[in-house]
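Secondary and tertiary structure notes
This is what each chain is made of:
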Amino acid sequence: MLRSHIAGIGSYVPERVVTNDELAQLMDTSDEWIQERTGIKTRHYGKKHKETSTTMGARAAEIAISRAGISKDDIDFIIFATLSPDYYFPGCGVLLQRELGITNTECGALDIRNQCSGFVYGLSIADQFIKTGMYKNILLVGAEMHSMGLDYSTEGRNVTVIFGDGAGAVVIQPTEDENKGVLCTKLHSNGTYAEKLAFINPGAHGGYHLDKMGESVDFGYGNDEFGGIFVTQHMVTHRQLFPYMDGQFVFKMAVVKFPEVIKEALDSVGLSQSDINMFIPHQANLRISAFVQHKLGLGDHQVWNNIQRIGNTTAASVPIALCEAVEAGAVKPGDLVCLAAFGSGFTWASALIRW
Ligand code: UT7
């Protein structure tokens, strides 16, 4: 039976380091608050006009492709996960294809919008295509240019201080080696709480969902039957064009769902938490990762955390962390690697990989 395995991995974080103190000059926050509540010391921001989710994704992809020992034209499918796409449409998948100079039009490109769990969802999609024999070299990228869309006023501080820019990429190939590859992936969602962590404007919702929830929010649509409802002047004037998060609600849900979806994966392949050699959590908050680590009974050397240095990079966080762990020699052939993520949607997911 064919299995999927990661044949090459790469990551990229932009050069510019932004400290907590720099953010404290823009909004009412402090290095102490941010470190205590999130573990974050710094994050990286891409260069405006020069870098985007696509360009950062391409830099990570070039490394992954070279490490896989293939040429970019061997890529037969692209999966791009991001919540900060360059354009509303078309998606970053085709932009990445162009950025990499992939001229092979046999190559398909798919964009997925699963936020923090985007990479693990993407891995699951790739795994299905590989196992059916449909594709042989899938390029999966998670990349975010958050810094372009954050609210740098005090109003946005609970969201803004967390996020950073960056990208991670893997090349996924089939293998007949029974001792390595993706053992399983588990995917979940619950749309009930979609607005608890959301970036709703601009959008074509016309106020629908919020009205339904009994929350009357004025987006300045007026009574016009036609036109101008995707983004209104009112949204701009009233600063309604930023992400929103009910942090405590998300936090409480995350600490339940992480362990749950990891246990589900382990049970499904007859393994237990003591079999995990390396746990790569989505880097949402160091307190969440520490809680899950404790629940799983893992030592510090069995969990990869980089949120202290690069913040929460949403769809990029799992592949960047995995790439760092591999580069540091903390993941060795035969190791059981566990990936898990929870975030906006809500969507959450896990994967077990025999490295
Ligand atoms: O990756 C996607 C999934 N996301 C997550 O998993 C994030 C989960 N949530 C969290 O990480 C945390 O909830 C946050 C870090 C976002 C917030 O930490 P918290 O300990 O839950 O704080 P809070 O939202 O309960 O706010 C406590 C206080 C509030 O002030 P009052 O009302 O007590 O006066 C906030 O206004 O802290 C205030 N606050 C801040 N103060 C300084 C919120 N953000 C900041 C800030 N600096 N950046």
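One structure accompanies this document, and this report is about it. (Residues numbered from 1 in each chain as written. Predicted model: local features only at pLDDT ≥ 70, side-chain atom pairs only at ≥ 80, totals over all residues. Heavy atoms only, no water.)

**Structural notes on the site of the ligand**
- Around the ligand, the structure places 22 residues, and the nearest of them are Thr-29, Arg-37, Gln-248, Asn-285 and Asn-312.
- Within the contact set of the ligand, an oxygen atom lies 2.9 Å away from a side-chain nitrogen or oxygen of Arg-157.
- Between an oxygen atom of the ligand and a side-chain N or O atom of Asn-285, the distance comes to 2.6 Å.
- A total of 940 Å² of accessible area belongs to the ligand in isolation, and the protein chains cover 75% of it.
- Elements with a contribution of two residues or more to the shell around the ligand: α2 (31-38), α6 (157-160), α9 (247-268) and α10 (286-296).
- For the shell around the ligand, the leading source of residues is α9, giving 4 residues.
- Its residues placed into classes, the shell around the ligand shows 10 nonpolar, 8 polar and 4 charged. (Near = heavy atom within 4 Å. Polar contact = N/O pair within 3.5 Å; in protein donor to acceptor, adjacent residues only side chain to side chain. Areas by Shrake-Rupley, 256 points an atom, 1.4 Å probe, with all protein chains shown as cover. Helix = DSSP H or I, 4+ residues; strand = E, 2+ residues; numbered from the N terminus. Nonpolar A, V, L, I, M, F, W, Y, C, P; charged D, E, K, R; others polar.)

**Focus: the environment of Ser-274**
- As for its placement among the helices and strands, Ser-274 is situated in the loop between α9 and β11 (278-281).
- For the pair Ser-274 and Phe-80, spaced 194 residues apart in the sequence, the C-alpha separation amounts to 33 Å.
- In this structure the side chain of Ser-274 is engaged in a polar contact, spanning 3.0 Å, whose partner is the side chain of Ser-272.

**Examining the environment of Pro-259**
- Checked against the element boundaries, Pro-259 lands in helix α9.
- Sequence spacing of Pro-259 and Ile-9 is 250 residues, and the spatial spacing of their C-alpha atoms is 26 Å.
- Apart from residues no more than four positions distant in its own chain, Pro-259 is found in contact with Ala-254, Val-292 and Lys-295. (Contact = heavy atoms within 4.5 Å.)

**A word on the pattern of salt bridges**
- As enumerated under the stated definition, the model contains 11 salt bridges in all.
- For the salt bridge of Glu-22 with Arg-16, the shortest nitrogen-to-oxygen distance reads 2.9 Å.
- Accessibility expressed as a relative area gives 27% for Glu-22, which makes it partly exposed.
- Residue Glu-260 pairs with Lys-257 through a salt bridge whose shortest N-O separation is 3.1 Å. With Glu-260 and Lys-257 both in helix α9 and 3 residues apart, this pair spans about one turn of that helix.
- A relative accessible area of 16% places Lys-257 in the buried class.
- Several salt bridges share partner residues, and in doing so they unite Arg-59, Glu-62 and Glu-99 into one network. (Salt bridge = Lys/Arg side-chain N within 4 Å of Asp/Glu carboxyl O. Buried < 20%, exposed > 50% of the residue type's maximum accessible area, 1.4 Å probe, protein only.)

**What to know about the sheet that holds strand β7 (residues 166-175)**
- The 5 strands lie next to each other as β1-β7-β6-β4-β5, forming an open sheet whose pairing is mixed. Looking at which strands have only one partner, the edges of the open sheet turn out to be β1 (3-12) and β5 (108-112). Each strand of the sheet is rotated relative to its neighbour by a mean of 20 degrees, with strand direction disregarded.
- Note that strand β4 (residues 77-81) and β5 share 5 bridges and pair parallel. The residue of β5 that forms the bridge with Ile-78 is Ala-109.
- In the packing of helix α12 (residues 317-327) onto the sheet, contacts are made with β1 and β7, and the angle to β1 comes to roughly 90 degrees. (Pairing = 2+ DSSP bridges. Axes fitted to C-alpha atoms, helices over the stretch in contact; angles between N-to-C directions.)

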